[in-house]
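Summary of structural features
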Amino acid sequence: MKVYLDNAATTPVDPAVYEAMQPYLKNDFGNPSSTHSFGRISKSAIEEARKKVSDILNASPGEIFFTSGGTEADNTSLNGLIRRYNIRNVITSPIEHHAVLHSLEFFESIGMAHVQFLDVDKKGNIDKDQLIDLLKDKKDSLVSLMHANNEIGNLIDLEEIGEICREHKALFHSDTVQSIARYALDLNKVNINAVLGSAHKFHGPKGIGFMYINASTRIPPYIIGGGQERDMRAGTENVYGIVGLAKAMEIAYDNLSLNKKLIESLKSRMIKGLKNTIPGVKFNGLSENIKNSLYSVLSVSLPPSDKNEMILFQLDLNDIAASGGSACGSGALKGSHVINALKADKDRTTIRFSLSKFNTPEEIDYTLDKIKEILN
Ligand code: PLP
């Protein structure tokens, strides 16, 4: 049995998404900027996809811009917001994805903005009172806080943070890469300037994502050239990727509650099984809390043991894919900035299991059996 439990790193492409993309890899290859019929077919596929994405998020098509993925969308939106609105103060948290943290570090290093970090407690909760304090009496602030953490599954309340930002006249950016296609998001209800998505996190292809920039927000482009995406993101569009992204999003939202229920039950099974198998097992952040964490992520904290060091390798030998900390950079058991921010016990080992609709109870049981074998 081959078991893939690393769906926060990337997901398998849904066969229906693959089908939807095929015409644009074969016959419908026109450049969307061309005015002849070949070009028009590609152009209308893009606009149809944009409409689909915007309808799902209760946004308008003019607010959606396709990018090469989550990283580019984070870079573009943060850079654009800081430059266009002369942002001096950026408030974020130490558990953001590197696409945000390293971008902000860079902007600070060239004197574009001053970055402050909210404290997080041992469970990965941010300090909202501190956020309010930092925003008080300041103009020109930007808050960047991710919706769902990719390593420990902690969620923030976008509406609540959006209201805090509104009260203090701050801009609000949220990396929603892990929550898009897993939670309903009504952008008409949330006070937010920018969110983003990445298709490969929800059974779409790699190398394609989108950013939502609220209609009242204007930012300059990051990638400059031929004026595609209404002058916001130059470069010939990834037509088959865009079609695949929209199809993957459509499938996800058509089956949202069904998939959520299925994945939650797999996660519960895994938590129960791990507790029965490993005395002293704990879970990082809020990931043990089924209702109040990203249901697809379980961050397991193993008690100290000399067997821990090789556990990912041993799982891999048994055809089970999981990751240590965040797998976005590498699958190795290297120190994770998120786990470090929780001041976790350095003698314990973290393994992240992340689930999708394609996982089964049999796969969970097989994984639990193998963990038991490896650790005993
Ligand atoms: N933000 C978060 C929270 C992620 O989990 C990832 C995934 O690696 C990214 C951003 C980057 O997305 P992409 O791989 O599409 O560049």
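Residues numbered from 1 in each chain as written. Predicted model: local features only at pLDDT ≥ 70, side-chain atom pairs only at ≥ 80, totals over all residues. Heavy atoms only, no water.

With that out of the way, let us pick up the overall build of the protein. What the protein contains, in helices and strands, is twelve helices and twelve strands. A compact globule built from 376 residues would reach a C-alpha radius of gyration of about 21 Å, and the protein, at 21 Å, matches this within 12%. In terms of overall dimensions, the protein has C-alpha extents of about 65 × 55 × 35 Å along its principal axes. Each of the 376 residues in the protein was classed as buried or not, and the buried ones make up 56%. Relative to all contacts within the protein whose residues are 6 or more apart in sequence, the contacts with residues 24 or more apart total 73%. (Helix = DSSP H or I, 4+ residues; strand = E, 2+ residues; numbered from the N terminus. Rg over C-alpha atoms; globule rule 2.2 N^0.38 Å. Buried < 20%, exposed > 50% of the residue type's maximum accessible area, 1.4 Å probe, protein only. Contact = heavy atoms within 4.5 Å.)

Judged by nonpolar contacts, the single largest core of 57 residues is most densely connected at Phe66 and Val143. Elements supplying a minimum of two residues to this core: α1 (15–25), α2 (37–56), β2 (64–67), α5 (128–135), α6 (158–167), β8 (209–213), α8 (239–254) and α11 (337–341). No other element matches α8, which puts ten residues into this core. Shared between two domains, this core takes at least three residues from each, and those domains are domain 1 (3–12 + 255–375) and domain 2 (15–254). Leave out the neighbours within four places in its chain, and Val143 touches Ile91, Leu131, Leu135, Ile161, Cys165, Ala170, Leu171, Phe172 and His173. (Core = buried A, V, L, I, M, F, W, Y, C linked by side-chain atoms within 4.5 Å. Domains from an automatic or database assignment.)

Once that is clear, we can look at the sheet that holds strand β10 (residues 297–302). In space, the three strands of this open sheet follow the order β9-β10-β12, with antiparallel pairing throughout. Bordering the open sheet on either side are β9 (282–283) and β12 (349–354), each of which pairs with just one other strand. Where β9 and β10 come together, two bridges link them in antiparallel fashion. Looking at the pairing, Phe283 lines up with Val300 of β10. Together, β9, β10 and β12 form the strand contacts of helix α9 (residues 256–277), whose direction differs from that of β10 by roughly 10°. (Pairing = 2+ DSSP bridges. Axes fitted to C-alpha atoms, helices over the stretch in contact; angles between N-to-C directions.)

Right, let's talk about the domain arrangement of the protein for a bit. One can read the domain layout of the protein as domain 1 (3–12 + 255–375) and domain 2 (15–254). In this structure, domain 1 and domain 2 have C-alpha centres spaced 27 Å apart. Contacts between the two partners involve 35 residues from domain 1, matched on the other side by 36 residues from domain 2. Buried surface at the junction of domain 1 and domain 2, both sides included, amounts to about 2900 Å², of which 52% is carbon and sulfur. The largest share of the area that domain 1 buries against domain 2 comes from Leu256, Leu294 and His337, three residues that together contribute 22% of it. Counting across the interface, domain 1 meets domain 2 through zero salt bridges. Our count for the contact surface shared by domain 1 and domain 2 stands at 24 residue pairs in polar contact (both at pLDDT 80 or more). Listing elements by their share of the side of domain 1 that touches domain 2, those giving two or more residues are α9, β10 and α11. Class assignment of the residues belonging to the side of domain 1 that touches domain 2 gives a composition of 15 nonpolar, 16 polar and four charged. (Buried area = accessible area lost by both parts, 1.4 Å probe. Salt bridge = Lys/Arg side-chain N within 4 Å of Asp/Glu carboxyl O. Polar contact = N/O pair within 3.5 Å; in protein donor to acceptor, adjacent residues only side chain to side chain. Nonpolar A, V, L, I, M, F, W, Y, C, P; charged D, E, K, R; others polar.)

With that out of the way, let us pick up the packing of α9 against helix α12 (residues 361–375). Packing of α9 against α12 brings their axes to within 10 Å, and their N-to-C directions diverge by 20°. Viewed along their axes, α9 and α12 adopt a mutual orientation that is roughly parallel. When the axes of α9 and α12 are compared, the crossing they make is right-handed. Across from Leu266, Arg269, Met270, Gly273, Leu274 and Thr277 in α9, the residues of α12 making contact are Pro361, Ile364, Asp365, Thr367, Leu368, Ile371 and Lys372. Taken together, the residues of the contact of α9 with α12 sort by class into seven nonpolar, three polar and three charged. (Parallel < 35°, antiparallel > 145°, perpendicular 65-115°, else oblique. Left-handed = near helix turned anticlockwise from the far one by under 90°.)

All right, on to the site of the ligand then. Looking at the ligand, there are 14 residues lining it, with Gly70, Thr71, Asp175, Ser198 and Lys201 nearest. Here an oxygen atom of the ligand sits 2.6 Å away from a polar atom, N or O, in the side chain of Thr71. Here an oxygen atom of the ligand sits 2.9 Å away from a polar atom, N or O, in the side chain of Gln178. Against a free-state accessible area of 390 Å², the protein chains account for coverage of 89% of the ligand. In terms of residues, the shell around the ligand owes the most to one element, helix α3 (residues 70–84), which gives three residues. Classifying every residue of the shell around the ligand by side-chain character gives three nonpolar, eight polar and three charged. (Near = heavy atom within 4 Å. Areas by Shrake-Rupley, 256 points an atom, 1.4 Å probe, with all protein chains shown as cover.)

Right, let's talk about the pattern of salt bridges for a bit. Considering all chains together, one arrives at 18 salt bridges under this definition. Between Arg50 and Glu229 there is a salt bridge; the shortest N-O distance is 2.8 Å. Here Arg50 is found in helix α2, whereas its partner Glu229 is found in helix α7 (residues 228–231), with 179 residues between them in sequence. The residue Lys275 makes a salt bridge to Glu288 at a minimum N-O spacing of 2.5 Å. Of this pair, Lys275 sits in helix α9 while Glu288 sits in the loop between β9 and β10; the two residues are 13 residues apart in sequence, bridging distant segments of the chain. Judged by relative accessible area, which is 44%, Lys275 ranks as partly exposed.

Below, the discussion takes up α3. The terminal C-alpha atoms of α3, which comprises 15 residues, lie 21 Å apart, in line with the 21 Å expected from a rise of 1.5 Å per residue. For α3, the buried fraction is high: twelve of the 15 residues fall into the buried class. Burial in α3 covers these residues: Gly70, Glu72, Ala73, Asp74, Asn75, Thr76, Ser77, Leu78, Asn79, Gly80, Leu81 and Ile82. Note on α3: the residue one or two positions beyond its end, Asn86, has a positive phi of about 45°. (Expected span 1.5 Å × (residues − 1).)

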